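Given next are the chains, with one letter for each unit.
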Amino acid sequence: AMGKPLVSKFVTEGLQASVGHVLLRALNGEHTPSFELPLVKDGEQKAVVLLNATTRRGPNHEVIGVICVGQDITQINAMAAEQQRIADDLARLIDSANAPIFGVDPKGMVTEWNRKAAELLGYPKEDAIGKDMIISFIEPENRSSVEEILQKALAGSETSNYALSLMSKVGKRYTVLLNATTRRDAKGHITGVVGVGQDITQLNQVMADSKRIADDLTRLIETANAPIFGIDIAGKVSEWNAKASSLLGFSKEETIGKHLVSNFITEEFKDSVQDVLAAALSGKDTANFEFPLFTKHGKRKEILLNATARRGPDGEVTGVIGVGQDITRIREITSEQQRNADDLARLIDTANAPIFGVDLEGMVTEWNRKAADMLGYTKDETIGKAFVQNFIQPEDKTSVEEVIQRAMTGCETANFTLPLVSKMMKCYTVLLNATTRRDAKGKITGVVGVGQDITELNQVMAESKRVADDLMRLIETANAPIFGIDVQGKVTEWNAKASSLLGFPKSETMGKSLVGNFITEEFKESVSEVLQEALMGTETANFEFPLFTKSGERKAILLNATTRRGPDGEVTGVIGVGQDITQIREITSEHERIADDLSRLIETANAPIFGVDLNGMVTEWNRKAADMLGYTNEETMGKNLVQHFIQPENRDSVKRVLNRAMAGEEAANYELPLLSKSQ
């Protein structure tokens, strides 16, 4: 470096002119101020030096050069730049933060007021700076407590999470959760207070709504007209509503904290119920699970259960809520209907009269033993074949086809004389009743023909499907249609099941009058009465009425209407939990139709038919029996058949036949001598 030109060799090109000027002034004896000089090596800045250029003089005071004394300020500059960046970041953070921030000096005058504070309260920064914070922006009732907070912070004691009520310029009230922090200068002296807030107005509203919903849910569970229980993850009872108590006889105090399966489920069903609850605890809900519960007094109750996972605020499973429906009565009806169905199947197959059935195409669908014995064609040889084409003589085909076609239009025929020829060419004459066959909706599905020797036909019932009732997934996720109304009768709840069942999405129902828009004229008055009673606090269970879907399909609904109450116990509306029993009603209609068919068949049959109960007392006595023997229905009902209407010499054998039949051993073709009233 020695002897080389300083400026051109060691100063960057951009600074050569200014550095040269400073050195020239120093060589002229002028005083020069300090200046910053970046030092560069191989094109890269290595350091920044704060340089003083001082004139150097000889012994005669003549200028002989310049002495430059420098100080490496590279790190100082870096620290200053970093501090400036932090200061800028802090200023931007305060101003752009999504939380209201204000600052006051020791006198309580506003020194900081960020955009969020301005946006929230409506006062721009220029209107706030320099104003007394407490006098200008705090409501009178809160001033003393806020003054205390600020004074504590000015004394170095900071405050966290202080709920501060603020009123905006336009009169809107906000709740801010405030942290008051002491502000200090570089020497640690207190220079004021910075308050960083969090607008929790909406959060408070949400929390209030959540509490209201929780209260609603608690009341709904407790007052619902369906048994509801809850368990925790250990399987112990955590919910047991009033309906469960009244239905099963165990009070809430007797159940809470006890293991549900171990204490209240019978051995036969413990495994299956435990599986359902375990599945729900793993997040898999179960709908329409049927199992029995026994009351405190040992009475069996059939329950249709929906088991739904119960979750905590973070979505973790905390237990199970089970919403049940007491279907004991429905199951009793179903059992009776099944018994009747079995009776009818045996009656058709074992009747001492030929019975056949055809579908709408004239193909054989029924062919009993007597028809097989009489005509020589087995059931397998006839099912699915054209009845008229294969089993009716040519000369009779037209008339038989006419009778069947009339029955298929609903016009039944009684006592039609039908010649039949067996497989072995033996001729038979059958006195036939042709009856229209219909499904549960009344649609004609075929014809049943009953010949002369027809035994009692009992009412038949196809297998009933279980009644589906979802009181919950409470409100939206329940597997049952649930709706809610306010005190004006307008829809406030309409869950997914209601939407899928009726075809009306939630958006089309909310805010509309339930009765005015979704109930038919025929039932508006009765449904309105039920809802009004619930609004008066009188709840209704198992109220049946129809709803029509968006496409016009009729749905039969079994309704539980429960009063909905606010936090103070005031009635705020009604929650209706429904059960779609359309299919059950269709099945019932089918059974009633079959019962009517059976009644007509027994009464109009061209053969004497009687029935007795387990004590041998007459329970059936048709017209043909009355015509033949001369005893009217009134003269025979309730009397002992053997003692009153069988000759003494035949009584023992007849009694044996009846006893065997009562034991399940039926008899066919038993010849019975009978004497009429006039003999």
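Above this text sits the structure in question.
Here the structure is a predicted model, which means the values were calculated and not measured.

Enquirer: For this particular structure, what's the right way to read the pairing of strand β14 (residues 355-359)?
Expert: Looking along a regular strand, one sees side chains alternate from face to face of the sheet. Across the five residues that make up β14, a large majority, four, are buried. Two strands pair when backbone bridges link them, and β14 and strand β18 (residues 444-450) are joined in this way by five bridges, in the antiparallel orientation. Among the inter-strand pairings, isoleucine 355 is bridged to a residue of β18, identified as valine 450. Pairing analysis gives three bridges linking β14 to strand β15 (residues 364-367), with the strands arranged antiparallel.

Enquirer: Before we go on, may I ask you to explain the sheet that holds β14 in this structure?
Expert: The strand order β15-β14-β18-β17-β16 describes an open sheet built from five strands, whose pairing is antiparallel. Each of the sheet's edge strands pairs with one partner strand only, and the pair in question is β15 and β16 (413-421). Here the strands of the sheet are splayed against their neighbours by 25° on average, with no regard to which way each runs. As judged from the seven bridges shared by β16 and strand β17 (residues 427-438), these two strands associate in the antiparallel manner. Opposite phenylalanine 416, over in β17, you have leucine 432 as the bridge partner.

Enquirer: Hey, could you run me through the environment of serine 272 in this one?
Expert: Considering the arrangement of structural elements, one finds serine 272 in helix α12 (residues 267-281). According to the relative accessible area criterion, serine 272 is partly exposed, its value standing at 26%. C-alpha separation for the pair serine 272 and valine 261, spaced eleven residues apart in sequence, amounts to 9.9 Å.

Enquirer: It is not clear to me how the nonpolar core should be interpreted in this structure. Could you clarify?
Expert: A general feature of soluble globular proteins is that nonpolar side chains tend to end up buried together. Ranked by internal contacts, the top residues of the largest apolar core, which has 26 residues, are Trp113, Met133, Val146, Leu164 and Val193. Taken together, the elements giving at least two residues each to this core come down to β4 (101-104), β5 (110-113), α4 (115-121), α6 (133-137), α7 (143-154), β6 (159-167) and β7 (173-184). When residues in this core are grouped by element, the largest group, five residues, is from α7. Excluding residues within four positions of it along the chain, valine 146 makes contact with Ile134, Ile138, Tyr162 and Leu164. Within the second largest apolar cluster, 25 residues are counted, among which are Leu502, Phe504, Ala534 and Phe543.

What counts and what doesn't
- Residues numbered from 1 in each chain as written.
- Predicted model: local features only at pLDDT ≥ 70, side-chain atom pairs only at ≥ 80, totals over all residues.
- Heavy atoms only, no water.
- Buried < 20%, exposed > 50% of the residue type's maximum accessible area, 1.4 Å probe, protein only.
- Helix = DSSP H or I, 4+ residues; strand = E, 2+ residues; numbered from the N terminus.
- Pairing = 2+ DSSP bridges.
- Axes fitted to C-alpha atoms, helices over the stretch in contact; angles between N-to-C directions.
- Core = buried A, V, L, I, M, F, W, Y, C linked by side-chain atoms within 4.5 Å.
- Contact = heavy atoms within 4.5 Å.

So, to be careful, I would describe these as geometric facts and stop short of saying anything about function.
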